[in-house]
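# Residue-level structure breakdown
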Amino acid sequence: MHVVVPIDAEAFGFWLKGAFGAPTTSGTAPGPFTHEFRSGGWVLPSMAIEVAMPEVPRFAMYAGCVVDQLSFQVQRAGLLTATARLVAQGEALAATTGAGTPAALDLLRFGHFNGTVTRNGTALGNLVTAELTYANNLDRIETIRADGRIDGADPGMAALTGRMEVRFADQVLANQAIAGDPCEIELGWSLPSGESLTFTIHAVYLPRPRIEIPGPQGIQESFDWQAAVDPALGRMCTVTLVNERETF
């Protein structure tokens, strides 16, 4: 199952928890609180998600949902959205809701216009678009059962990959790719009210690019990068979310 969700300062923390596991939270009431999510967690929470169509009526409850993949794209303008790919244990249909009346969350969306991208602490110029995909590579436990459900899904070897499209104005990234050295890439967004979201990818390796000359326009090059575990930190990435919410 695929779900497209807005990247905001409140509800997106639940999707981060599903992809990375429970965060480490610091701060005191009334806030703000800093939630740190780390890659490579072997204990991932499961969720129950209801898809409600009250006009039909049709209410589908998906139990035992685990986040297999979380991806998003960074560009020049617009609002940030992420795509979550889920593995669910089973589906139960009903004519009435089984979710009750959940409390509403404030929608504080991050936008592309208030985002920054840095490389080793320095602003990365000439960036056109960037993509990021974090995958838990879940191993489905497909045992024989009378109800037709799977037993569950175990986390596999996590992978963090992406793509960067840059204008060919200097050779900083090309030289790094040729040398085979890693770099730290940080994607960050902040709101005037103080909320922020930061993806820090600690060891990014770039492939040697193919530079094409398509026509009279400027030249662009693409890097399909791969992240590795930073030996000092013991993880591939750290996601830091700052908001007024105490727990997830």
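Here's a quick rundown of the structure.

Criteria and cut-off values
- Residues numbered from 1 in each chain as written.
- Predicted model: local features only at pLDDT ≥ 70, side-chain atom pairs only at ≥ 80, totals over all residues.
- Heavy atoms only, no water.
- Helix = DSSP H or I, 4+ residues; strand = E, 2+ residues; numbered from the N terminus.
- Buried < 20%, exposed > 50% of the residue type's maximum accessible area, 1.4 Å probe, protein only.
- Contact = heavy atoms within 4.5 Å.
- Areas by Shrake-Rupley, 256 points an atom, 1.4 Å probe, with all protein chains shown as cover.
- Lys, Arg positive; Asp, Glu negative; His and termini not counted.
- Charge placed at Lys NZ, Arg CZ, Asp CG, Glu CD.
- Phe/Tyr/Trp six-rings, centres within 6.5 Å; stacked < 30°, edge-to-face > 60°.
- Salt bridge = Lys/Arg side-chain N within 4 Å of Asp/Glu carboxyl O.
- Polar contact = N/O pair within 3.5 Å; in protein donor to acceptor, adjacent residues only side chain to side chain.

## With respect to the overall build of the protein
Per the secondary structure count, the protein includes two helices and 17 strands. Each of the three principal axes of the protein carries a C-alpha extent, and together these read 60 × 45 × 40 Å. For the protein, the proportion of its 248 residues judged to be buried stands at 39%. In the protein, the proportion of contacts linking residues at least 24 apart, taken out of those at least 6 apart, comes to 69%. About 13200 Å² of surface is accessible on the protein, with carbon and sulfur atoms providing 52% of the total. Once the 16 positive and 26 negative side-chain charges of the protein are each reduced to a mean point, those two points are 4 Å apart.

## Section: the environment of alanine 174
Among the secondary structure elements, alanine 174 is positioned in helix 2 (residues 172-179). Remark: the alpha-carbon pair of alanine 174 and proline 6, spanning 168 residues in sequence, is separated by 33 Å.

## Looking at the packing of aromatic side chains
Taken as a whole and assessed by the stated rule, the structure comprises six aromatic pairs. For the pair phenylalanine 37 and phenylalanine 248, a centre-to-centre distance of 6.4 Å together with 55 degrees between the ring planes defines the contact as tilted. Placement of phenylalanine 37 in strand 3 (residues 33-38) and of phenylalanine 248 in the segment after strand 17 (237-243) is noted, with a sequence separation of 211 residues between them. Look at phenylalanine 37 and you get buried, because its relative accessible area is 0%.

## Describing helix 1 (residues 12-20)
The element helix 1 is largely enclosed, with a buried count of seven among its nine residues. Taken residue by residue, helix 1 has Phe12, Gly13, Trp15, Leu16, Gly18, Ala19 and Phe20 as its buried positions. Glycine 21 lies just past helix 1 and shows a positive phi near 100 degrees.

## Observations concerning the side chain of aspartate 230
Looking at where aspartate 230 falls in the secondary structure, it is placed in the loop between strand 16 (220-227) and strand 17. As a buried residue without a salt bridge, aspartate 230 has its nearest oppositely charged side chain in arginine 235, at a separation of 7.8 Å. Sequence-distant contacts of aspartate 230, that is, excluding residues within four places in its chain, are made with His202 and Arg235.

## Here we look at the pattern of salt bridges
Enumeration according to the criterion identifies five salt bridges in this entry. Between arginine 85 and aspartate 68 there is a salt bridge; the shortest N-O distance is 3.0 Å. One end of the pair, arginine 85, is in strand 6 (residues 81-87); the other, aspartate 68, is in strand 5 (residues 58-74), and 17 residues separate them in sequence. Via salt bridges that share partners, Arg163, Glu165 and Asp224 belong to a single interconnected network.

## Description of the side chain of aspartate 68
Taking the relative accessible area as the measure of exposure, aspartate 68 reaches 5% and is therefore buried. In this structure the side chain of aspartate 68 is engaged in a polar contact, spanning 3.3 Å, whose partner is the backbone nitrogen of asparagine 137. Non-local contacts of aspartate 68, meaning those with residues more than four positions away in its chain, are made with Arg85, Leu86, Val87, Tyr134, Ala135, Asn136, Asn137, Leu138 and Arg140.

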